[in-house]
Amino acid sequence: MVEVKLFSCAASEYLSEKISDYYGQPLGSRTISRFSDGEIQTVINESVRGAYVFFIQSTFPPSDNLFELLLFMDAAKRASAGYITAVIPYFGYARQDRKDKPRVPISAKMIANILQASGADRVMTMDLHAEQIQGFFDIPVDHLKSEAIFMPYIQSLDLADVKFASPDVGGVKRARVYAKYFKKDLVICDKYREKANEVAGMTVIGEVEGADVILVDDLVDTAGTLCKAADALLAKGAKSVRALCTHPVLSGKAYETIENSNLLELIVTDTIPLKQKSSKIRVLSTAKLFARAIRNTHEHRSISALFVE
């Protein structure tokens, strides 16, 4: 069977080390350096000729994280790697997936083009903000689902009367997966904004009296939406409110907002490292799931078999 090589880029080294442990193979040797003017130089320190090569890097800010990944893939392509996979636990710019006003880019599509041009034969990612982004690529995309990580945790809570909620109308499909699996009711929080990153109002659609409510979303940024949704659900009689969010972007005053909120708990994954600790934030690791997906890719086995249908 063709040899597998796992490489970590700088920003996701904390996660790559755990993935390599689960996979049972050490990370490949590489060097990342900077010239005095800030330019990045990437060097692969071992042969990748003919190998299945996986580069692991989430593309959260700064943009150097994305550029570093592109440089590594170009290096592997020029070194005659057999098959290059970009493992991108958090796919940055995924929220810019459409042209919603004049004279703006479709950034997610542009990133897809750049990844392909740099040598990616395949992309592996988790919980895209919009699933149709997979259509921006002309190469295979393995779209991993965080349900495989969150569902066992929910079961361990052993909540008597749980209901699932979407913090906005756009996330209903995501929350419905949990409601269907656990055979529970779905609640919708309808929000409206007067400007970006600021929720003006929230309306709860559905009954939550006496229920332990779990909000489901793909990412948490400023945490304003989640915290306002928690307030609205508690005002409607919910017993408690937790939130599941795959990607902890957590920008601005997010940590302070969460600490001062009525959320009982915010459960996230390690696709993005936390900037600081919080008593209300619990982190679950994606490493085992990515390791299994990488192995299945190499062995030409099903990826969808890893998830609940």
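In this text, all values refer to a predicted model and were calculated from it rather than measured experimentally.

Conventions we followed
Residues numbered from 1 in each chain as written. Predicted model: local features only at pLDDT ≥ 70, side-chain atom pairs only at ≥ 80, totals over all residues. Heavy atoms only, no water. Core = buried A, V, L, I, M, F, W, Y, C linked by side-chain atoms within 4.5 Å. Buried < 20%, exposed > 50% of the residue type's maximum accessible area, 1.4 Å probe, protein only. Helix = DSSP H or I, 4+ residues; strand = E, 2+ residues; numbered from the N terminus. Contact = heavy atoms within 4.5 Å. 1 Å grid on protein atoms, 1.4 Å probe; cavity = no way out; pocket = protein on both sides within 12 Å on 5 of 7 lines; lining within 4 Å. Points joined across faces, edges and corners; volume = space filled by probe spheres on them. Nonpolar A, V, L, I, M, F, W, Y, C, P; charged D, E, K, R; others polar. Axes fitted to C-alpha atoms, helices over the stretch in contact; angles between N-to-C directions. Parallel < 35°, antiparallel > 145°, perpendicular 65-115°, else oblique. Left-handed = near helix turned anticlockwise from the far one by under 90°.

Undergrad: Explain the nonpolar core here, please?
TA: Nonpolar side chains in soluble globular proteins generally cluster together in the buried interior. Residues Ile19, Leu144, Phe164, Tyr178, Leu244 and Ile294 are the most contacted members of the largest nonpolar core, which totals 38 residues. If you tally residues by element for this core, the top one is helix H8 (residues 287-298), at six residues. Each residue touching tyrosine 178, except ones within four places of it in the same chain, is listed here: Ser146, Glu147, Phe150, Met151, Ile154, Phe164, Val216 and Leu244. Among the nonpolar cores identified, the runner-up in size contains 32 residues, and Ala76, Ile88, Val123 and Phe136 belong to it.

Undergrad: Quick question: what am I supposed to make of the layout of surface pockets here?
TA: Considering only enclosed or pocket space, the second largest pocket measures out at about 710 Å³ in volume. Lining the second largest pocket we find 28 residues, and of these Glu131, Lys145, Glu147, Lys173 and Val177 sit closest to its centre. In terms of residue count, the dominant contributor to the lining of the second largest pocket is helix H5 (residues 172-182) (seven residues). In terms of residue class, the lining of the second largest pocket is built from 10 nonpolar, eight polar and 10 charged.

Undergrad: Would you take a moment to explain the packing of helix H1 (residues 13-23) against H8 for this structure?
TA: How two helices pack is summed up by the angle between their axes together with the distance between the axes. The contact between H1 and H8 brings their axes to 8 Å, and the two run at 55°. When the axes of H1 and H8 are compared, the pair comes out oblique. You can see that H1 and H8 cross each other, and the crossing is right-handed. Across the interface between the two elements, Leu15, Lys18, Ile19, Tyr22 and Tyr23 of H1 pack against Ala287, Lys288, Phe290, Ala291, Ile294, Arg295 and His298 of H8. In terms of residue class, the contact of H1 with H8 is made up of eight nonpolar, one polar and three charged.

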